[in-house]
Amino acid sequence: MKNEFTLTIYSEDQLRLITRLSSMFIRKQIVVLSLNMSICEIDKMYRHTIVVNETLDTVVNLAAQIEKIIEVYKCYYHLNEEIVFRQTALFKIPTALFMDMELMLRENDLKISEIHKEYTILQATGTDNEIEVLTKELNALGLIEFVTSSRIALEKSNKGFCEEI
């Protein structure tokens with residue numbers, strides 16, 4: 001049975017790795033739901049967070065193959081229950097609409113990024129599902145446009161990758 005897994009990869013070279021990963025995912029016909037690359041707690045190392053919807057066997061095999069890549073130090077995989085994850089979204093709405101949304105702003109912890117005469121930009125942080133529900137609500141009210149970030153995640157554990165090296 002397929003589940004949503006978050007892969008966390010630690011590497012020293014992000015450009016060469018992304019090329020190798022993309023060919024690996026294409027060859028195995030695995031769809032990437034989200035991809036994020038960032039610096040991490042270790043100097044000159046990068047953290048890659050990739051979300052896929054696959055079976056456990058496929059993900060275990062994939063993680064083992066990823067760890068064989070020279071630039072990769074470690075590849076972890078987790079189910080959603082094992083991590084804390086968030087994504088950020090920016091929403092552009094008509095300023096006239098913004099004036100009547102005080103309750104929605106408080107309920108969804110929306111932050112005001114910019115206010116202009118014609119439009120207002122709001123920022124939200126939450127899980128994938130929370131952002132999706134909020135997007136539907138705003139769309140029904142007259143959303144102009146929106147953009148979401150990729151997922152960022154941390155393992156629910158008191159240790160980090162630094163302790164393993």
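Think of each chain on its own: its residues are numbered from 1, step by step along the sequence as written. Residue-level local features of this predicted model are given only where pLDDT is at least 70; pairs of side-chain atoms are given and counted only at 80 or more, and the full residue set underlies all totals for whole chains, interfaces and linings. Calculated side-chain values reflect all of the structure's heavy atoms, with hydrogen atoms and water omitted.

Trainee: Describe the overall build of the protein, naming the residues involved and giving the relevant values.
Mentor: From N to C terminus, the protein includes 5 helices and 9 strands. When the helices and strands of the protein are read in sequence order from the N terminus, they spell out β-α-β-β-α-β-β-α-α-β-β-α-β-β. Overall size of the protein, expressed as C-alpha extent along the three principal axes, is 55 × 35 × 30 Å. Contacts are assigned to residue pairs with any non-hydrogen atoms lying within 4.5 Å of each other. When contacts within the protein are restricted to residue pairs at least 6 apart in sequence, long-range pairs at least 24 apart make up 74% of them. Shrake-Rupley sampling with a 1.4 Å probe provides the accessible areas, and residues are treated as covered by the protein chains on show and by no other component. Accessible area for the protein stands at about 10100 Å²; split by element, carbon and sulfur atoms hold 53% of it. The positive count covers Lys and Arg only, the negative count covers Asp and Glu only, and His and the chain ends enter neither. Think of each charge as sitting on NZ of Lys, CZ of Arg, CG of Asp or CD of Glu. Separation of charge centres in the protein, based on 18 positive and 25 negative side chains, amounts to 5 Å. Only DSSP runs of H or I reaching four residues or more are called helices, and only runs of E reaching two or more are called strands; each is numbered from the N terminus.

Trainee: Please set out the packing of aromatic side chains residue by residue, giving values where relevant.
Mentor: Each pair of aromatic rings is reported with the distance of its centres and the angle of its planes. Note on aromatic contacts: the rings of Phe and Tyr and the six-membered ring of Trp form a pair at centre separations within 6.5 Å, being stacked when their planes are under 30 degrees apart, edge-to-face when over 60 apart, and tilted otherwise. The full count for this structure, using the stated rule, is 2 aromatic pairs. Taken together, a centroid distance of 6.2 Å and an interplanar angle of 90° make the contact between Tyr10 and Tyr76 edge-to-face. Within this pair, whereas Tyr10 is found in strand S1 (residues 3-11), its partner Tyr76 is found in strand S4 (residues 72-79), the two being separated by 66 residues in sequence. Of the two residues examined, Tyr10 and Tyr76, each falls in the buried class. With a centroid separation of 6.1 Å and 25° between ring planes, the pair formed by Phe91 and Phe146 is classed as stacked. Taken together, the residues Phe91 in strand S5 (residues 83-94) and Phe146 in strand S8 (residues 145-148) connect sequence positions 55 residues apart. For every residue, the accessible area obtained with a 1.4 Å probe (protein chains only) is divided by the maximum for its type, and the residue is called buried under 20%, exposed over 50%, and partly exposed between those limits. Residue classification places Phe146 among the partly exposed positions, given a relative accessible area of 43%. We call a charge positioned above a ring when the Lys NZ or Arg CZ atom is no farther than 6 Å from the ring centre and deviates by at most 35 degrees from the ring normal. A cation over a ring is seen here: Lys92 above Tyr119, with NZ or CZ 4.9 Å from the ring centre. The ring of Phe85 has Arg151 sitting right over it, with the charged end atom 3.9 Å from the ring centre.

Trainee: Pulling in residues and values, what's your account of the pattern of salt bridges?
Mentor: It is possible for side chains bearing opposite charge to pair when their charged atoms get close. One speaks of a salt bridge when a side-chain nitrogen belonging to Lys or Arg is within 4 Å of a carboxyl oxygen belonging to Asp or Glu. One pass over the full model with this rule turns up 10 salt bridges. Of the charged contacts, one joins Asp109 and Lys111 as a salt bridge, the two residues approaching to 3.4 Å between their closest N and O atoms. Across the pair Asp128 and Arg151 runs a salt bridge, and its minimum N-O distance is 2.6 Å. Of this pair, Asp128 sits in helix H5 (residues 128-141) while Arg151 sits in the loop between S8 and strand S9 (152-155), and the two are 23 residues apart along the sequence. Since its relative accessible area comes to 23%, Asp128 is described here as partly exposed.

Trainee: Lay out helix H1 (residues 14-27) with the relevant residues and their values.
Mentor: Helix length check: H1 (14 residues) gives 20 Å between terminal C-alpha atoms against 20 Å at 1.5 Å per residue, within 8%. If you check which residues of H1 are buried, you get Leu17, Leu21, Met24 and Phe25. Viewed end-on, H1 has its buried residues packed into an arc of 95°, placing them on one side of the element. Exposed residues on H1 whose side chains face more than 90 degrees from its buried face are Leu15, Thr19, Ile26 and Arg27. Where H1 is buried, its residues contact S1, strand S2 (32-39), strand S3 (46-54), helix H2 (56-67) and S4. Following H1 by one or two positions, Gln29 has its phi on the positive side, about 55°. Helix span is expected to be 1.5 Å times the residue number reduced by one. Directions from the helix axis toward the C-beta atoms define the arc.

Trainee: Describe in detail the environment of Leu15, supporting the description with residues and values.
Mentor: Checked against the element boundaries, Leu15 lands in helix H1. Along the sequence, Leu15 and Glu145 sit 130 residues apart, while their C-alpha atoms lie 30 Å from each other.

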